[in-house]
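A look at the structure
Listed below, chain by chain, are the residues.
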Amino acid sequence: MSQEKTIKTTTDIDSLRSEIRDKSVRVIDVRREEDYKQSHIPTAVNLPLANLLSDDSPERVLKLVNAMGIDDETPVVVYDDTFGALASRVAWTLEYLGHSDVSLLETTFSKWKSLGLENDDKTPEIQSKEHSIHLKPEILATSDYLETSKDKPDVILIDNRERLNYLEQHIPGAISLPYRTLATQDKILRPKDDMKRLLDNRGISGNSEIITYCGSVGTLSGLAYYALKSVGLPNVKLYVRSFKEWKGLEKPIAKQQDANYWDLSAE
Amino acid sequence: MTVSDLKQSYPDSSKPKINWARIEEAEDFANTVKLFRQGKYDEDSFRRYRLQHGAYGTRMTNDYAMVRIKLPAGEIYPYQLEKISQLSEQFSIGSAHFSTRENIQLHWVILEDVSEILRGLAEVGLTSREACGNSVRNVMCSPLSGVCSDEEFDSTPYALATARFFLRNPLSQSLPRKFKFNFTCCEKHGMVRMVDVGLIPQTRDLDGTIQKGFKIFLGGGLGNKSFVGHQLEEFTPEEDLLYTSIAVIRIFDRLGDRKNMARNRMRYLVNDMGWEKFQNLVLKERAIVRATQSVVTHLEVDNTPSIIKRPIRISDESGSSIPDGYARWLKTNTIKQKQSEYYSVFITLEAGDITSNQITALAEIIQEFSSEGHARAGFVQNIALRYVHEDDLPSLYSKLLTVGLAKSGALTMAAPIGCSGTTSCNLALTNSHRLAKEIQRKFLELKLDQDDDLRDSSIKISGCPNACGQHGIATIGFFGGGGRVGKEMYPNYQMSLGGRSDEETTLGATCHRIPAKRVIPVILKIIELFKQNKKSDDTLKDWIHRIVNGKEESYIKSILDMRKALDSFTIPPTKEEDPDFYTDYGSDSSYHTKTGKGECAA
Ligand code: HEM
Ligand code: SF4
């Protein structure tokens, strides 16, 4: 049972509703404060992504987690209104801190609302708790780490930005898997079989070490991190500072040459 | 309740009658790609297989493909558009491309993802099977078939039946080369003489009963060398349509040149053999086909009329004001149908490109405004929304405006065609695609779409001599190449004048080589010369035809005179004077030509 739990990446709507009724879950809404104040899933606390990112050192994250009433045993479900990408970044941060029971709501808040499900504007009273720190460096990739490991045969580097951005510039050796590919119309992640087939086709399978990155702060690639985990891939890392840092450090960049692909875009 | 329970569902009436897909082909494609990557499939057979399934190669890479989705007779339904929007976001570049042959193309798709696109297409009944390769390509039909006031009858059901008969048919799985059918509504709206088989519906009176049939043209086509098709016989009755098609394909299959890839379209066969001989052969072969196949084979022509039902208006905007630009749009983008009170509305895109968000919006707009519940792809990288009630035109315009689909000039010279060019094509020498967009922007800025004198002229651009941009039938046509000054190269276009695809189909006459960055000034100069010399009722098209045929009376009497009048535009400046001259559109580095392996013959 506990084995099952650790690989659970999303929580479905029905389960979340009953967990909320049982008061057995901490729900985190990562949207902006003004959106949260208007309406949110009942009992949810607010942790805007920007707030987390202003300082995501483990010490600071620990304080935030404690203040949200989360201890090592509290099941946590995170949601956003940005196809799961912001929620993923927050969930990953909790995981990195050592929290083992965190998952994403299977859908977005807009979808939740459009289904006519309950929501309110009350900010819950939270009793602060004590969480421990057991950092999980095995889910984090830094630029140094990436540079030394990316060319190893058993490492797969995945770029989750849109295709045109990838063609224009990417980390050498990366393959392109745009974040849109991971979702369906209604859910932030494809069903498991569907996801597995898609990833298998791309050779993303087995025991390879997989590193994901995106444009700047690890949101789109955070979603990919959970997509890969959802099919049970055992060794996934997030390059959380992503392409922005890589470029800033003036590390090598690859480009699809000799084609004017931007001119095919109607944007 | 789960989320998926609430998925939007469409009523059956808004679904197409024919499912073109086979889901197992997606699986098969995925497996074949794996085998190919493992080296268990050689390059050539894999390429044949890939093309047979509608995936083209991409410029300078083996990792990407272009997936060409067939829209037989051009028909596209809202829920199919929604799927294509989704697929373009997931597996392509967030835009899709409407082609000149009623296909929708997704570019820069990772080869390993193609099977996922095939799977998605199968969910909505679409296929890319035999969209490329040596097969019967998408069967086209005029976007106005069924609504055109000049047509004898609606040829759409015949186009669909023909597409259905040949798709996956063993008869057409390994032809010497690609093979194209174009059905049209009337002489004016179509391209029947520039295709392997072109068909115009016609009727005749047989002792008081009206018999349906076609005028069939054979052996035309555009390309490095283009030919105009010949009419097979006075009247081909509808019962003979399939026999004729089979006969022609059998002859092509048997006698077409399988060795010389550059000369193996059917038009070369017709040309080498001579028309009369070929014509006799077809008539004889048809007699054999008729005698041997009549029991088993017939075209399943579904003539049940489409349901025309004006959608219920959700909101009544009759009081709200009509946005600016409406009159201009109405004039340049709509055609009155033969059905009273109804209009066909054309949406022009920049060189056929449309964003995934616009595709989704379009799906909604079709449901809200088209009384037939679906749309048709046009011939010039555009889309037709038909059966729009005249009272709904202003609100349709407002709606299109909000999603950036209300560009005017759809039915005018201000809607140029540009093939893929260096955006994705392996054979391209210039960025013809972007050039078409630049010309359109300039024309709209100068409001040339409103000029009646220019309306029936056209501009078409190919990125190399292969003519995918159909430059040969344009009033002003261009194909790309490289120009040279000493060691420096610059993008250049061969310009031809006076091409047309109507009853008097002719190919444009070569006029001059125009540097890419001078193309727009040259077009404007030609228009200026026309304005100076035109007769009172003249159009640019007529004026150019007189020049090309040596019948013009003003001082520009011939193509040579025109050439002289444009000479000054073609002189290259030095690189110091004008560095921009030496770069192509969409690129800031010095121009050089670079091509890979072409697949047109594959
Ligand atoms: C020798 C090689 C080729 C020849 C002779 C050729 C010929 C043609 C012709 C004549 C058309 C116009 C459609 C018609 O009226 O039949 C066409 C359309 C097209 N071809 Fe090719 N083709 C060649 C190679 C390619 C290649 C390599 C590509 C790149 C993938 C390509 C992409 C297209 C596209 C995209 C269209 C539709 C035009 C549009 O609306 O964008 N073709 N081709
Ligand atoms: S005309 Fe040339 S450049 Fe354009 S698509 Fe065809 S082969 Fe490519």
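Summary of the structure given here.

Of regular secondary structure, chain B possesses 15 helices and 21 strands. For 602 residues, the compact-globule formula gives about 25 Å, and the C-alpha radius of gyration of chain B, at 24 Å, lands near that figure. Scored against the burial criterion, the 602 residues of chain B give a buried share of 61%. Within chain B, contacts between residues at least 6 apart in sequence are counted, and of these 70% link residues at least 24 apart. Accessible surface, chain B: about 23300 Å² in total, of which carbon and sulfur atoms supply 49%.

Counting its regular elements, chain A contains 12 helices and 10 strands. Relative to a compact globule of 267 residues, whose C-alpha radius of gyration would be 18 Å, chain A shows 19 Å and is just as compact. Along the longest, intermediate and shortest principal axes, the C-alpha atoms of chain A span 60 × 40 × 35 Å. Counting only residues that meet the buried cut, chain A has 55% of its 267 residues in that class. Counting only carbon and sulfur atoms, one obtains 48% of the accessible surface of chain A, whose full area is about 11600 Å². Averaging the coordinates of the 35 positive side-chain charges in chain A and doing the same for the 43 negative ones gives two points 1 Å apart.

Let us look at the sheet that holds strand β12 (residues 334-336) of chain B. Residues and elements named next belong to chain B. On the basis of which strands lie adjacent, the open sheet formed by 5 strands has the order β3-β15-β16-β13-β12 and antiparallel pairing. Across the chains shown, the open sheet's two edge strands, defined by having one partner strand only, are β3 (75-76) and β12. Across the sheet, helix α11 (residues 393-402) lies against β13 (342-348) and β16 (382-389), angled at about 15 degrees from β13, the strand it touches most.

This structure, assessed with the given rule, holds 31 aromatic pairs over all chains. On the numbers, 4.9 Å between centres and 85 degrees between planes, the contact of A:Y225 with A:Y226 is edge-to-face. Taking the relative accessible area as the measure of exposure, A:Y225 reaches 1% and is therefore buried. The class of A:Y226 is buried, set by a relative accessible area of 0%. Each ring, one from B:F153 and one from B:F214, has its centre 5.5 Å from the other, and the planes form 75 degrees; the classification is edge-to-face. In this pair, B:F153 is assigned in the loop between β6 (140-141) and α5 (156-166) and B:F214 in strand β9 (residues 209-218), connecting sequence segments 61 residues apart. Across the pair, exposure class does not vary: B:F153 and B:F214 are buried alike.

As a further point, take unusual backbone geometry. Of note, A:T43 is a non-glycine position whose phi angle comes to about 75 degrees, a positive value. Topologically, A:T43 is positioned in the loop between α3 (33-38) and β3 (45-46). Notably, B:D207 is not glycine yet its phi reads approximately 50 degrees, a positive angle. Mapping B:D207 onto the fold places it in the loop between β8 (197-206) and β9.

Next up on the list: the site of ligand 2. In the neighbourhood of ligand 2, the contacting residues comprise B:C419, B:G421, B:C425, B:L427, B:A428, B:S462, B:G463, B:C464, B:N466, B:A467 and B:C468. Of the residues in the shell around ligand 2, the class split is 7 nonpolar, 4 polar and no charged.

Right, let's talk about the interface of chain B and chain A for a bit. Opposite the 43 residues of chain B that make contact, chain A presents 35 residues. Buried area between chain B and chain A, both sides added, is near 3400 Å², and the carbon and sulfur share of it is 52%. Linking chain B with chain A are 6 salt bridges, by the criterion used here. The closest approach of N and O atoms between A:R197 and B:E116, which form a salt bridge, is 2.8 Å. If you look at where chain B meets chain A, you find 21 residue pairs in polar contact (both at pLDDT 80 or more). Looking at the side of chain B that touches chain A, the elements that each hand over two or more residues are α1 (24-37), β2 (61-70), α3 (78-91), β5 (103-110), α4 (114-123), β14 (353-355) and α12 (432-445) of chain B.

This next bit is on the coordination of the iron atom of ligand 1. Six octahedral donors around a metal ideally make angles of 90 or 180 degrees; four tetrahedral donors ideally make 109.5 degrees. Only one protein atom coordinates the iron atom of ligand 1: B:C468 (SG), located 2.2 Å from the metal. Along the chain, the position of B:C468 falls in the loop between β18 (459-462) and β19 (476-485).

Residues and elements named next belong to chain B. Looking only at helix α9 (residues 326-333), the buried set comprises Y326, R328, W329, T332 and N333. Within α9, the buried residues cover an arc of 160 degrees as seen down the axis, which keeps them to one side. Residues of α9 that are buried in the fold lie against β12, β13, α11 and α12.

All names here are of chain A. Spatial strand order, β6-β10-β9-β7-β8: 5 strands in an open sheet with parallel pairing. The outermost strands of the open sheet, each flanked by one partner alone, are β6 (140-141) and β8 (175-176). As paired elements, strand β7 (residues 155-159) and strand β9 (residues 209-213) share 5 bridges and run parallel to each other. Bridging across to β9, I156 finds its partner in I210. Taken strand by strand, helix α11 (residues 220-230) contacts β7, β9 and β10 (236-239), and its axis lies near 180 degrees from that of β10.

Bringing the side chain of B:K70 into the picture now. Residues and elements named next belong to chain B. Mapped onto the fold, K70 is located in strand β2. Buried charge without a salt bridge: K70, with E130 as the nearest opposite-charge side chain at an N-O distance of 5.0 Å. Looking at K70, its side chain comes within polar contact range of the main-chain oxygen of R129, at 3.0 Å. Of the polar contacts made by the side chain of K70, one reaches the backbone oxygen of V136; its length is 3.4 Å. Excluding residues within four positions of it along the chain, K70 makes contact with E102, N103, L126, T127, S128, R129, E130, A131, V136, R137, N138 and L167.

This brings us to the pattern of salt bridges. Side chains bearing opposite charge may pair, as long as their charged atoms lie close to each other. Under the definition given, this model contains 66 salt bridges over all chains. Residues A:D200 and A:K196 are paired through a salt bridge, measuring 3.9 Å at the closest nitrogen-oxygen approach. Of the two residues, A:D200 and A:K196 both sit in helix α10 (residues 192-201), 4 residues apart, roughly one turn of that helix. In this structure, B:K541 engages B:D502 in a salt bridge whose closest nitrogen and oxygen atoms are separated by 3.3 Å. Here B:D502 lies in the loop between β20 (488-497) and β21 (509-515) and B:K541 lies in helix α14 (residues 540-548), a separation of 39 residues in the sequence. The pair formed by B:K541 and B:D502 is uniform in burial state, with each residue classed as buried. Each of A:D263, B:E350, B:R434, B:E438 and B:R441 takes part in one network of salt bridges that share partners.

Thresholds applied
Residues numbered from 1 in each chain as written. Chains lettered and ligands numbered in written order. Predicted model: local features only at pLDDT ≥ 70, side-chain atom pairs only at ≥ 80, totals over all residues. Heavy atoms only, no water. Helix = DSSP H or I, 4+ residues; strand = E, 2+ residues; numbered from the N terminus. Rg over C-alpha atoms; globule rule 2.2 N^0.38 Å. Buried < 20%, exposed > 50% of the residue type's maximum accessible area, 1.4 Å probe, protein only. Contact = heavy atoms within 4.5 Å. Areas by Shrake-Rupley, 256 points an atom, 1.4 Å probe, with all protein chains shown as cover. Lys, Arg positive; Asp, Glu negative; His and termini not counted. Charge placed at Lys NZ, Arg CZ, Asp CG, Glu CD. Pairing = 2+ DSSP bridges. Axes fitted to C-alpha atoms, helices over the stretch in contact; angles between N-to-C directions. Phe/Tyr/Trp six-rings, centres within 6.5 Å; stacked < 30°, edge-to-face > 60°. Near = heavy atom within 4 Å. Nonpolar A, V, L, I, M, F, W, Y, C, P; charged D, E, K, R; others polar. Buried area = accessible area lost by both parts, 1.4 Å probe. Salt bridge = Lys/Arg side-chain N within 4 Å of Asp/Glu carboxyl O. Polar contact = N/O pair within 3.5 Å; in protein donor to acceptor, adjacent residues only side chain to side chain. Donors = N, O, S within 2.8 Å, 3.2 Å for Na, K, Ca; no water. Arc of directions from axis to C-beta.

In short, shape yes, function no, at least from these values alone.
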